[in-house]
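Listed here are the chains, written in short residue letters.
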Amino acid sequence: MEKINILESTCVPLNVEEIDTDQIIPARFLKATNRDGFGKNLFRDWRYDEKGEPKMDFVLNNDDYQGKILVAGKNFGCGSSREHAAWAITDHGFKAVVSSFFADIFKNNALNNGLLPVQVSDGFLQKLFNTIEANPAEQVKIDLPAQTITILTTGESESFDINNYKKLCLMNGLDDIDYLLNIKDKIEAYEKTR
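Please read all numbers here as calculations on a predicted model, not as lab measurements. (Residues numbered from 1 in each chain as written. Predicted model: local features only at pLDDT ≥ 70, side-chain atom pairs only at ≥ 80, totals over all residues. Heavy atoms only, no water.)

What about the sheet that holds strand S2 (residues 11-14)?
Note the cut-off: Paired strands are those between which DSSP finds at least two bridges. The way it works is that DSSP assigns letters per residue, a run of H or I at least four long becomes a helix, a run of E at least two long becomes a strand, and they are numbered from the N terminus. A fitted line through C-alpha atoms represents every axis, and for helices the fit uses only the stretch in contact; the resulting angles, taken between N-to-C directions, go from 0 to 180 degrees.
One open sheet holds the four strands; their spatial order is S2-S3-S4-S5, and the pairing between them is parallel. Each edge of the sheet is formed by a strand with only one pairing partner; in this case those strands are S2 and strand S5 (116-119). Each strand axis lies, on average, 20° off the axis of its neighbour in the sheet, ignoring direction. Here four bridges tie strand S4 (residues 96-99) to S5, and the two strands are oriented parallel to one another. Note on S5: the bridge partner recorded for Val98 is Val118.

See below:
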């Protein structure tokens, strides 16, 4: 996984609540078992019509909005537990998702797959939407070591919580297996005392 420490980027605003995993990546695209190629079908039914043509009123088809941060409405990732939702988001190029609430299973899948879920207050989320929609070039800074998110032009900032172990893994680009391999010597030393 790529390391995530400080992320400064423009954002893609998806001001919709209750986005479930079937909207993120429809079930008909879950045939592959590796993580590559899911990004092209991210929000497939919202992005494309039945002929496969882009729907120009959908934010991912709007060239004004680019970046590595997806800002989404409350209760992001609800629904089924498919890990493919996190794969599709990262394969599309996003490094973080900001929302005022994440479904627990989605949040864990994101953390396990190198995607940073940043949970903010409803008020701060609305400020983000207002700022980004008024100025698509607005830069947002996510500082994982400090656990803060900041709107750079205004300096408005908010703290967010994250599991310390998952924070360590994201900052070092480690999945669970990499982490264990990283401390293999300590594990072997401990086992010798048993």
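Brief notes about the environment of Ser121
As a reminder, the rule being used: Here a residue-residue contact requires only that any non-hydrogen atoms of the pair lie within 4.5 Å. Counting of polar contacts relies on pairs of N or O atoms within 3.5 Å, with two restrictions inside protein: one atom must be capable of donating a hydrogen and the other of accepting it, and residues adjacent in sequence are counted only when both atoms are side-chain atoms.
Counting through the fold element by element, Ser121 comes out in the loop between S5 and helix H5 (122-134). Spatially, the C-alpha atom of Ser121 lies 9.7 Å from that of Lys74, the residues being 47 residues apart in sequence. In this structure Ser121 touches Ser100 and Glu158, once residues within four positions along its chain are discounted. In terms of polar contacts, Ser121 uses its side chain to reach the backbone amide nitrogen of Phe124, at 3.1 Å.

Regarding the pairing of strand S7 (residues 148-151)
Where we set the bar: Only protein chains enter the accessibility calculation, which uses a 1.4 Å probe. A residue is then buried if its area is under 20% of the maximum for its type, exposed if over 50%, and partly exposed in between.
Side chains Thr148 and Thr150 project from S7 onto one buried face, and the interleaved Ile149 and Ile151 project onto a second face that is buried too. The pairing of S7 with strand S8 (residues 157-159) spans three bridges and is antiparallel. If you follow Thr150 over to S8, its bridge partner there is Ser157. Between S7 and S8, which pair antiparallel in sequence order, lie five residues; one of them, Gly155, sits at a positive phi of approximately 80°.

Describing a nonpolar patch on the surface
Which entries qualify depends on this criterion: Patches in this entry comprise residues that are over 30% relatively accessible and not in a salt bridge; like charges within 9 Å are linked, as are nonpolar side chains (Val, Leu, Ile, Met, Phe, Trp, Tyr) within 5 Å. Surface accessibility follows the Shrake-Rupley procedure with a 1.4 Å probe radius. Residue values consider only the protein chains on display as shielding. When a carboxyl oxygen of Asp or Glu is within 4 Å of a side-chain nitrogen of Lys or Arg, the pair counts as a salt bridge.
Judged by side-chain polarity, Ile177, Leu180, Leu181 and Ile187 come together as a nonpolar surface patch covering roughly 370 Å² of accessible area. When residues of the nonpolar patch are assigned to their parent elements, the largest contribution, three residues, is made by helix H7 (residues 176-182). When you line up the elements, Ile187 lands in helix H8 (residues 184-192).

Here's the deal with the environment of Thr21
If you trace the backbone, Thr21 turns up in helix H1 (residues 21-24). Taking the C-alpha atoms as reference, Thr21 lies 16 Å from Val71; in sequence the two are 50 residues apart. In this structure, Thr21 is in contact with Gly77, Cys78, Gly79, Ser80, Arg82 and Ala85, ignoring residues within four places of it in sequence.

Remarks on the packing of helix H3 (residues 84-92) against helix H4 (residues 104-112)
Threshold: Should an angle lie under 35 degrees it is considered roughly parallel, over 145 roughly antiparallel, and from 65 to 115 roughly perpendicular; all remaining angles are considered oblique. Whether a crossing is left-handed or right-handed is set by the direction in which the near helix is turned from the far one by less than a right angle, anticlockwise for left-handed and clockwise for right-handed. Residues were grouped as follows: Ala, Val, Leu, Ile, Met, Phe, Trp, Tyr, Cys and Pro as nonpolar; Asp, Glu, Lys and Arg as charged; and all remaining residues, including Gly, as polar.
At their nearest, the axes of H3 and H4 sit 8 Å apart, and the two run at 50° to each other. For the element pair H3 / H4, the angle class is oblique. In this structure, the crossing between H3 and H4 has a hand that is right-handed. Between H3 and H4, the contacting residues are Ala85, Ala86 and Ile89 on the first element and Phe106, Asn109 and Ala110 on the second. Across the contact of H3 with H4, the residue classes tally to five nonpolar, one polar and no charged.

Notes on the pairing of S4
The condition is simple: A clockwise course of the path from the first strand over the helix to the second, judged with the strands pointing away from the viewer, identifies a crossover as right-handed.
Residues of S4 alternate between two faces, with Ala96 and Val98 on one and Val97 and Ser99 on the opposite face, all of them buried. Inspection of the sheet shows strand S3 (residues 69-72) paired to S4 by three bridges, in the parallel sense. Across the sheet, residue Leu70 finds its bridge partner in S4, namely Val97. Handedness of the crossover joining S3 and S4 through H3 is recorded here as right-handed. Between S4 and its parallel partner S5, the chain crosses via H4, and the hand of that crossover is right-handed.

Here's the deal with the side chain of Lys167
We count it as follows: We score Asp and Glu as negative and Lys and Arg as positive, and we do not count His or the chain ends.
Among the secondary structure elements, Lys167 is positioned in helix H6 (residues 164-172). Asp143 provides the closest opposite charge to the buried, salt-bridge-free Lys167, at an N-O distance of 7.4 Å. Once residues within four sequence positions are removed from consideration, Lys167 is found in contact with Leu144, Pro145, Gln147 and Ile162.

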